[in-house]
Amino acid sequence: MKNGQCCSYRGCACGDGSTLSLSGAAFSRRNFIAGAVVVAAAGLGKSERAAAQTAEVTKPYRIDVHHHLSPPTYIAASNVGNFGDALMKNWTPEKSLADMDKAGVAIAMLSVTAPGLGFTSGDAARKLARDCNDYAARLVTDHPGRFGSFAMIPLTDVDGSLQEIAYALDTLKADGIGLMTSYGDKWLGDPLFLPVMEELNRRKALVYTHPTTANCCVNLVRTQQPVMIEFGTDTTRTIADIVFSGNAQKFRDIRWIFSHAGGTMPFLIERFVRNPLLDPNAKATVPDGTLAELKRFYYDTAQTSNKGSMSALSAIIPVSQIVFGTDFPYRTSIDHVKGLRDSGVFTDAQLTDIERGNALKLLPRLAS
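Reading guide: rules and limits
Residues numbered from 1 in each chain as written. Predicted model: local features only at pLDDT ≥ 70, side-chain atom pairs only at ≥ 80, totals over all residues. Heavy atoms only, no water. Helix = DSSP H or I, 4+ residues; strand = E, 2+ residues; numbered from the N terminus. Buried < 20%, exposed > 50% of the residue type's maximum accessible area, 1.4 Å probe, protein only. Contact = heavy atoms within 4.5 Å. Areas by Shrake-Rupley, 256 points an atom, 1.4 Å probe, with all protein chains shown as cover. Pairing = 2+ DSSP bridges. Axes fitted to C-alpha atoms, helices over the stretch in contact; angles between N-to-C directions. Arc of directions from axis to C-beta. Disulfide = S-S within 2.5 Å. Core = buried A, V, L, I, M, F, W, Y, C linked by side-chain atoms within 4.5 Å. Expected span 1.5 Å × (residues − 1). Parallel < 35°, antiparallel > 145°, perpendicular 65-115°, else oblique. Left-handed = near helix turned anticlockwise from the far one by under 90°. Nonpolar A, V, L, I, M, F, W, Y, C, P; charged D, E, K, R; others polar. Salt bridge = Lys/Arg side-chain N within 4 Å of Asp/Glu carboxyl O.

(A) Focus on the overall build of the chain. Helix and strand content of the chain: 16 helices and twelve strands. Expressed as a percentage of its 368 residues, the buried residues of the chain come to 54%. Taking as baseline every contact in the chain between residues at least 6 positions apart, the subset at least 24 positions apart corresponds to 77%. For the chain, the computed accessible surface area is about 15,600 Å², with 53% contributed by carbon and sulfur atoms.

Now the structure itself:
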């Protein structure tokens with residue numbers, strides 16, 4: 001907010017799929033894709049740059065749903081709490097914009113990375129969430145058409161979460177809510193969170209999730225940082241908990257985005273599908289089968305833009321449910337643009353959907 005006024009949001013224009021429009025310039029899908037390849041080449045080797053100079057360059061069009069910001073109050077809290085790394089603490093909006101421009105990313109959906117609010121509680125957590133959400137809203141206003149936001153809430157504080165959901169979505173006009181995959185040793189299907197899930201479902205909210213490390217699994221193996229294995233595993237745990245708690249069936253209007261291609265879920269798909277056969281309690285939670293629930297969720301490409309991960313994900317999840325994510329500042333946008341193309345998994349038309357079209361279904365305000 002600025003001067004007590006609600007933040008206004010602006011996006012870029014997009015057409016109906018057969019003809020796309022960016023900032024008023026209409027062009028065909030073929031030209032759109034050709035230009036996208038040129039944008040993707042920016043910042044690569046000399047030969048790629050030389051080739052790009054001979055082709056028409058389009059305006060940025062990609063939408064990054066997994067892009068981190070570090071509000072000043074969050075950095076200050078991390079210094080007091082003795083956590084966080086240099087990439088998180090040295091983030092600036094200018095660094096985000098420079099990375100986006102290099103890879104043809106028009107809009108980045110901002111969220112705070114792990115541990116989120118997991119290191120604090122009570123009034124301190126409420127205040128930090130509010131400060132971070134206000135800061136993200138100012139960035140959206142100050143950089144029209146470049147940023148969106150997924151607001152933080154102190155999920156273990158139900159009353160505080162309900163208050164912040166109302167403020168973030170009604171006053172700040174945030175695009176959705178950002179949650180960690182777990183809080184202590186509770187995942188997103190836990191009964192403690194039911195009042196919050198009911199409210200998110202009532203609002204038909206878009207909920208972006210980011211992995212963290214559960215209490216059970218910190219420093220399990222001294223040779224492995226938690227981000228190496230535990231982040232993917234925690235994403236998988238929370239997907240399973242949402243499905244087999246019955247929340248996926250009960251709260252069908254929540255639109256979920258899961259990071260990193262769903263963690264290890266694609267590789268464990270047989271166990272997911274067979275779980276209702278082995279556990280009688282699970283059968284009622286998936287009346288149409290486990291796959292029917294998994295195919296309704298969305299999954300981003302952050303840190304998984306490679307042939308192995310994308311082949312596994314797209315073998316079970318429709319391309320319509322895959323959205324572009326980069327994990328900036330931990331990876332660059334151009335890494336993912338290049339990785340998706342080098343993987344050879346998707347057609348040009350599918351890449352256009354992944355990098356923009358699918359996100360527009362979730363975030364229609366970006367098309368206006």
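Picking up after the structure, the text goes on.
(B) Just the sheet that holds strand 5 (residues 147–152), in detail. Spatially, 3-4-5-6-9-10-11-12 is the arrangement adopted by the eight strands of the open sheet, whose pairing is parallel. Each edge of the sheet is formed by a strand with only one pairing partner; in this case those strands are strand 3 (62–68) and strand 12 (322–323). Relative to strand 12, strand 11 (residues 298–300) runs parallel, the two being bridged by two bridges. Considered in strand 12, the bridge of Asp-300 is made with Val-323. Along the sheet face, helix 6 (residues 122–142) touches strand 4 (105–111) and strand 5 and points at about 170 degrees away from the line of strand 5.

(C) Seen up close, helix 5 (residues 93–102). Three or more residues of helix 5 are buried, namely Pro-93, Ser-96, Leu-97, Asp-99 and Met-100. Looking down the long axis of helix 5, one finds its buried residues gathered within 165 degrees of arc, a one-sided arrangement. Of the surrounding secondary structure, the elements contacted by the buried residues of helix 5 are strand 3, strand 4, helix 6, strand 5 and helix 15 (333–343). Backbone geometry just after helix 5 places Gly-104 at a positive phi near 70 degrees.

(D) How the structure looks around the state of the cysteines. In total, this model carries one disulfide according to the counting rule given. The disulfide bridge from Cys-216 ends at Cys-217, spanning 2.5 Å between sulfur atoms. One disulfide, between Cys-216 and Cys-217, carries an S-S torsion of -80 degrees and so falls in the left-handed class. Among the residues examined, Cys-216 registers a relative accessible area of 40% and is labelled partly exposed. On the basis of relative accessible area, Cys-217 is assigned to the buried category, the value being 8%.

(E) Summary view of the nonpolar core. Counting 75 residues, the largest nonpolar core has Leu-179, Met-197, Leu-200, Trp-256, Leu-294, Phe-297 and Tyr-299 as the members making the most contacts within it. At seven residues, helix 6 tops the list of elements feeding residues into this core. Once residues within four sequence positions are removed from consideration, Phe-297 is found in contact with Ile-239, Ile-242, Val-243, Ala-248, Trp-256, Phe-258 and Gln-321.

(F) Structural detail: helix 9 (residues 226–244). If you check helix 9, its first and last C-alpha atoms are 25 Å apart, about what 19 residues at 1.5 Å a residue would give, namely 27 Å. Of the residues making up helix 9, those classed as buried are Glu-230, Phe-231, Gly-232, Asp-234, Thr-235, Thr-236, Thr-238, Ile-239, Ile-242, Val-243 and Phe-244. A positive backbone phi angle near 95 degrees is found at Gly-246, which sits one or two residues after helix 9.

(G) Just the packing of helix 15 against helix 16 (residues 348–362), in detail. With their axes 11 Å apart at the nearest point, helix 15 and helix 16 run at an angle of 155 degrees to one another. By the criterion of interaxial angle, the relationship of helix 15 to helix 16 is roughly antiparallel. Considering only the axes of helix 15 and helix 16, their crossing is right-handed. Within the contact between the two elements, helix 15 uses Val-337, Leu-340 and Arg-341 and helix 16 uses Leu-351, Ile-354 and Glu-355. Broken down by class, the residue content of the contact of helix 15 with helix 16 amounts to four nonpolar, no polar and two charged.

(H) Representation of the pattern of salt bridges in the model. Scanning the entire structure with this criterion turns up 18 salt bridges. The closest approach of N and O atoms between Glu-355 and Arg-62, which form a salt bridge, is 2.9 Å. Note that Glu-355 is positioned in helix 16 and Arg-62 in strand 3, a separation of 293 residues in sequence. Like Arg-62, Glu-355 is buried. In this structure, Arg-296 and Glu-293 form a salt bridge, with 2.8 Å as the shortest nitrogen-oxygen distance. Linked by salt bridges that have partners in common, Asp-170, Glu-199, Arg-202 and Arg-203 make up one network.

These figures come from the coordinates and say nothing about function on their own.
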